[in-house]
There are 4 protein chains.
Amino acid sequence: MEDKLVIGGRELRSRLFIGTGKFSSNEIIPSIVKSAEAQVITVALRRIDFESKDENILNYIPDDCIIMPNTSGARNADEAIRIARLARAAGCGNWIKIEVVSDNRYLMPDNIETIRATEVLAKEGFVVLPYMSPDLMAAKRLKDAGAAAVMPLGAPIGTNRGLRTKELVKILINEIDLPIIVDAGLGKPSEAAEAMELGAGAVLVNTAIATAGDPVKMAKAFSLAVKAGRMAYFSGTGTVKEYAEASSPLTGFLLDK
Amino acid sequence: MEDKLVIGGRELRSRLFIGTGKFSSNEIIPSIVKSAEAQVITVALRRIDFESKDENILNYIPDDCIIMPNTSGARNADEAIRIARLARAAGCGNWIKIEVVSDNRYLMPDNIETIRATEVLAKEGFVVLPYMSPDLMAAKRLKDAGAAAVMPLGAPIGTNRGLRTKELVKILINEIDLPIIVDAGLGKPSEAAEAMELGAGAVLVNTAIATAGDPVKMAKAFSLAVKAGRMAYFSGTGTVKEYAEASSPLTGFLLDK
Amino acid sequence: MEDKLVIGGRELRSRLFIGTGKFSSNEIIPSIVKSAEAQVITVALRRIDFESKDENILNYIPDDCIIMPNTSGARNADEAIRIARLARAAGCGNWIKIEVVSDNRYLMPDNIETIRATEVLAKEGFVVLPYMSPDLMAAKRLKDAGAAAVMPLGAPIGTNRGLRTKELVKILINEIDLPIIVDAGLGKPSEAAEAMELGAGAVLVNTAIATAGDPVKMAKAFSLAVKAGRMAYFSGTGTVKEYAEASSPLTGFLLDK
Amino acid sequence: MEDKLVIGGRELRSRLFIGTGKFSSNEIIPSIVKSAEAQVITVALRRIDFESKDENILNYIPDDCIIMPNTSGARNADEAIRIARLARAAGCGNWIKIEVVSDNRYLMPDNIETIRATEVLAKEGFVVLPYMSPDLMAAKRLKDAGAAAVMPLGAPIGTNRGLRTKELVKILINEIDLPIIVDAGLGKPSEAAEAMELGAGAVLVNTAIATAGDPVKMAKAFSLAVKAGRMAYFSGTGTVKEYAEASSPLTGFLLDK
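Residues numbered from 1 in each chain as written. Chains lettered and ligands numbered in written order. Predicted model: local features only at pLDDT ≥ 70, side-chain atom pairs only at ≥ 80, totals over all residues. Heavy atoms only, no water.

> What exactly am I supposed to notice about the interface of chain A and chain B here?
Accessible area lost when the parts come together is the quantity often used to give the size of an interface. Facing 66 residues of chain A, the contacting portion of chain B comprises 66 residues. Taken together, the connections running from chain A to chain B amount to 2 salt bridges. Across the pair Arg161(A) and Glu242(B) runs a salt bridge, and its minimum N-O distance is 3.5 Å. Inspection of the region where chain A meets chain B yields 16 residue pairs in polar contact (both at pLDDT 80 or more). For the side of chain A that touches chain B, the secondary structure elements donating two or more residues are helix H2 (77-89), helix H6 (189-198), helix H8 (215-235) and helix H9 (253-256) of chain A. (Contact = heavy atoms within 4.5 Å. Salt bridge = Lys/Arg side-chain N within 4 Å of Asp/Glu carboxyl O. Polar contact = N/O pair within 3.5 Å; in protein donor to acceptor, adjacent residues only side chain to side chain. Helix = DSSP H or I, 4+ residues; strand = E, 2+ residues; numbered from the N terminus.)

Given below as structure tokens:
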């Protein structure tokens, strides 16, 4: 069976997207990408220094990856739109992860501004992946606005708190006919596996890898967990039962002999 | 780094042990073992029909596996001891998983009888792996009695309910200087990964694989999840935070330009 | 200490709001209200039959209660606004709970339409309590639009699934300077207590009471639980610890004698 | 309906047992007892100074309470038995809470030694309430040994971690025909309510009250929560559903008019 994730017309083998923030240095990024077997890499446009050759984070991303610039720093739709256009003009391609955040404590995304930005950018031919607070009706509007996928948070960004929004993410998975990519909050591979078991199309992980004791190993751990969760989703999990059931019939072993 | 699990003097590469009950037919077992990359396979002695060549489940287990007969059906220590001796006499080797169960509804193991059986069998040279209800003081006694590992349940056997006893299993992991192998109850790969992230030495899975829609694929999913969890444990997970933290510095993107 | 909840200028003693749907008959409602010690009662306007004396649900609500008509059945802001005006014109007072739902499976509220309706109705002098999907930025906009409180769901309405959105509701409690009233999904008194312990201003319960074996007793149970949770919130809960701590010093009892 | 808890032939109105350790001073204890509406109060025998009038904690416990001395400090059955006998000889009555703990980090009880002490003391006419690690087979033996109730822990003592052992406690409630009293670990009223909703006979709380900001108010909060949980248990909770269900029929409100 071919289980490809298709976004913006691209067939992706990897369902683990990664972010590039918070690493101790850019030099570790190629090893992370390789270890994660990641294809889609998000980079904050404001972190790209196009004038410096050494510092330019893009130089550290392998050529066969899809760069997904994000609009981190945008506080409303207009700023997100400007950043997206700058990214494309700078040669970063036409994928854009929209992040619109004006809350300083939890960095919660602004769904309404995100919908507005999605409408504009999808019309301009971008492959738009909006970061969002999980909410069914907002996700429906993002789909209508032309989003290529939706990216609900599992917990506030950078917290490693896990898939705390499971109840709402499950509803998106069941009701929205787009890939659901859980972004932000996943802190451990088991949590990424859980998201995939529910039917998420992919997950995006940054902090959990960047703040791990051994980021390269953790990238590999997430990669395996995502595959495990996806396989389990396809395989179909067994029924959860209230009472025990013996793996073998219980009675009479010794009496029979 | 070599991360080997050593039990009874054997170095194991695989931290996913599997059970052989509940499969639709024995013929699927070789594919399951291969897909799970399992080395240790548990078989209820009472399910072994030594007289029939076709039906003998042992014929379906690859030669390089360790057979771990279990005493399923034993209702007290004496019965478990007899079954263990029968197993060894029948050529099943000297590993034994002790299961002593007299409760018919939840099939909860009897720690006291299990300790007694462990004492006797360890002295007789068995490599004893006792299935237990997670309890620190019982685990200490199992260690003193000569257990090679302890196997606390995650939830009642056959329920697919997950790692419901996490609080108590964590205590065993922290306090008992033996491999802790979570056995029973794990229903999804994410739950196996979680057990490994906590520091479990291995997990044993049977029902979740046997009752999956595609058991061979699910065996593979568990195999990946166990590796993911183990890697994450070694890598060291990042701190869980209350408030959000941006992956990139928040302020001033557009103003700076 | 006076711990009053003030909404729309009214001082409320009771932090348990109740709904009137799903009861076997209207005749049980007075006992439910009394047992719940409820002051605020929500009624779907469409369930009010102003022409029939017997059937009119309003006749079953004690005089000292605040009727909070809701716009159940509205699929967009305009319909909600019309229902609100009808309710006021019919003498139901100026409180209005806005429900805008166009999703038929999970009945998830539409935050954007809800914000629009809130803006219009607050300007018209209504005391507006919007039912919402928990989302920080939507709650900020509801506050800016003039909402008197916000009512995030704990789980989809009618499911008794509990406070599944805790992560997001906590953020509203911490960041929004309005009473946060958890509405929908709470299935057991312990879940209502938990919401109150987090700092919710009130909870609204309907299905859990109406579908209980003994609704009058369950109403009382919720009433006690809400008080318990509120008291605990004010009292301040003790620290959660990783390791045990004896209630009394551990060492030397018998040796000392 | 009379819903009395009967233990050792005594009819109890209150299902909230309290402990007396960790309070800032003994002088607060009468207010705590009153606020908690507690009848059964546990005191570590070693904290009782029979020679000092002022310091004697027993002087602070109202006359109509049942003193339940505990064997805190005992590291094995023999020590627990000696402490129990000392307590009775000193006039503390014939109730005894057995605590046998030799683990210094999590203070986990020793079920095997506890069963031994229970056997001896029950035969001597004590009303024995053993503190235990939740385990079905150990609970069965405690019942056979003559325990008047069993007291499984919710989490390690003093941690305020909540009902982390729910899976195992539920099994005790379903299978053991004795009052199940959840002791240790409950940190918030909602957690006490949850234990009662499951069918626990009572809960014992100490640390959560003693370490609260306002212990007297917190005692009251726990008292209400325990009543709420018990009422909900008797009332019967409604079904938990996967999908939403409107409190009122969804269609056609405005169209009908």
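Picking up after the structure, the text goes on.
> Teacher, can you tell me more about the pairing of strand S7 (residues 127-132) of chain A here?
For a regular strand, side chains alternate in direction, first toward one face of the sheet and then toward the other. Residues and elements named next belong to chain A. The element S7 is extensively covered by neighbouring structure, given that 6 of its 6 residues are classed as buried. Side chains of S7 alternate between two faces, with Val127, Leu129 and Tyr131 and Val128, Pro130 and Met132 buried alike. For strand S6 (residues 95-98) and S7, the ladder comprises 4 bridges, and the chain directions are parallel. Paired with tryptophan 95 across the strands is valine 127, a residue of S7. With helix H3 (residues 111-123) bridging S6 and the parallel S7, this β-α-β connection has right-handed handedness. Bridging between S7 and strand S8 (residues 151-152) involves 2 bridges; their strand directions are parallel. By the bridge assignment, methionine 132 is partnered in S8 with proline 152. Handedness of the S7-helix H4 (residues 136-144)-S8 crossover: right-handed. (Buried < 20%, exposed > 50% of the residue type's maximum accessible area, 1.4 Å probe, protein only. Pairing = 2+ DSSP bridges. Right-handed = clockwise from strand over helix to strand, strands pointing away.)

> Looking at this structure, how should I read the relation of the copies chain A and chain B?
Copy one and copy two of the chain differ by a rotation about an axis and a translation along that axis. Of the transformation superimposing chain A on chain B, the axial component is 0.0 Å and the angular component is 180°, with the fit at an RMSD of 0.0 Å. Within this description, the copies of the chain are treated as partners about a two-fold rotation axis. A symmetric contact is evident, with 100% of the interface residues of chain A recurring at the interface of chain B. (Least-squares fit on C-alpha atoms with pLDDT ≥ 70 in both.)

> Explanation requested: the pattern of salt bridges in the structure shown.
Two side chains of opposite charge can pair, provided their charged atoms sit close to one another. One pass over the full model with this rule turns up 68 salt bridges over all chains. A salt bridge links Asp78(D) to Arg116(D); the nearest nitrogen and oxygen atoms lie 3.4 Å apart. Note that Asp78(D) is positioned in helix H2 (residues 77-89) and Arg116(D) in helix H3 (residues 111-123), a separation of 38 residues in sequence. Here the salt bridges do not stand alone but share partners, grouping Arg161(A), Arg164(A), Glu242(B), Glu167(C) and Lys170(C) into one network.

> Looking at this structure, I do not really get helix H6 (residues 189-198) of chain C. What am I missing?
For an α-helix the count is 3.6 residues per turn, leaving residues at separations of three or four pointing the same way. Residues and elements named next belong to chain C. The element H6 is extensively covered by neighbouring structure, given that 9 of its 10 residues are classed as buried. Taken together, the buried positions of H6 are Pro189, Ser190, Glu191, Ala192, Ala193, Glu194, Ala195, Met196 and Glu197. Within two residues after H6, glycine 199 carries a phi angle of roughly 115°, on the positive side.

> It is not clear to me how the side chain of Arg15(B) should be interpreted in this structure. Could you clarify?
Following the sequence through the fold, Arg15(B) ends up in the loop between strand S2 (10-12) and strand S3 (16-19). Within the structure, Arg15(B) has its side chain in polar contact with the side chain of Asp3(B) (distance 2.9 Å).

> What am I meant to see in the layout of surface pockets here?
Regions of empty space are outlined by a rolling probe, equal in size to a water molecule, passed over the atoms. The space that makes up the second largest pocket amounts to roughly 510 Å³. In terms of residues, the lining of the second largest pocket owes the most to one element, helix H8 (residues 215-235) of chain D, which gives 6 residues. (1 Å grid on protein atoms, 1.4 Å probe; cavity = no way out; pocket = protein on both sides within 12 Å on 5 of 7 lines; lining within 4 Å. Points joined across faces, edges and corners; volume = space filled by probe spheres on them.)

> How should I be thinking about the UniProt feature "active site" (unreviewed entry) in chain A in this particular structure?
Residue and element names in this part refer to chain A. The sites that carry the UniProt feature "active site" (unreviewed entry) are, in the present numbering, Lys97. Among the secondary structure elements, lysine 97 is positioned in strand S6. Here lysine 97 is in contact with Thr42, Met68, Pro69, Asn70, Thr71, Leu129, Tyr131, Met151, Asp183 and Leu204, once residues within four sequence places are set aside. (UniProt positions renumbered as here; feature names shortened; annotations may be inferred.)

> Could you clarify how one ought to interpret unusual backbone geometry in this entry?
Most peptide bonds are trans, and most residues other than glycine sit at a negative phi. Residue and element names in this part refer to chain A. Residue glutamate 37 is not a glycine yet carries a positive backbone phi of 50°. The partly exposed category is assigned to glutamate 37, whose relative accessible area is 36%. In this structure, leucine 107 takes a positive phi of about 55° despite not being glycine. Relative to the assigned elements, leucine 107 resides in the loop between S6 and H3. Its relative accessible area of 6% is what places leucine 107 among the buried residues.

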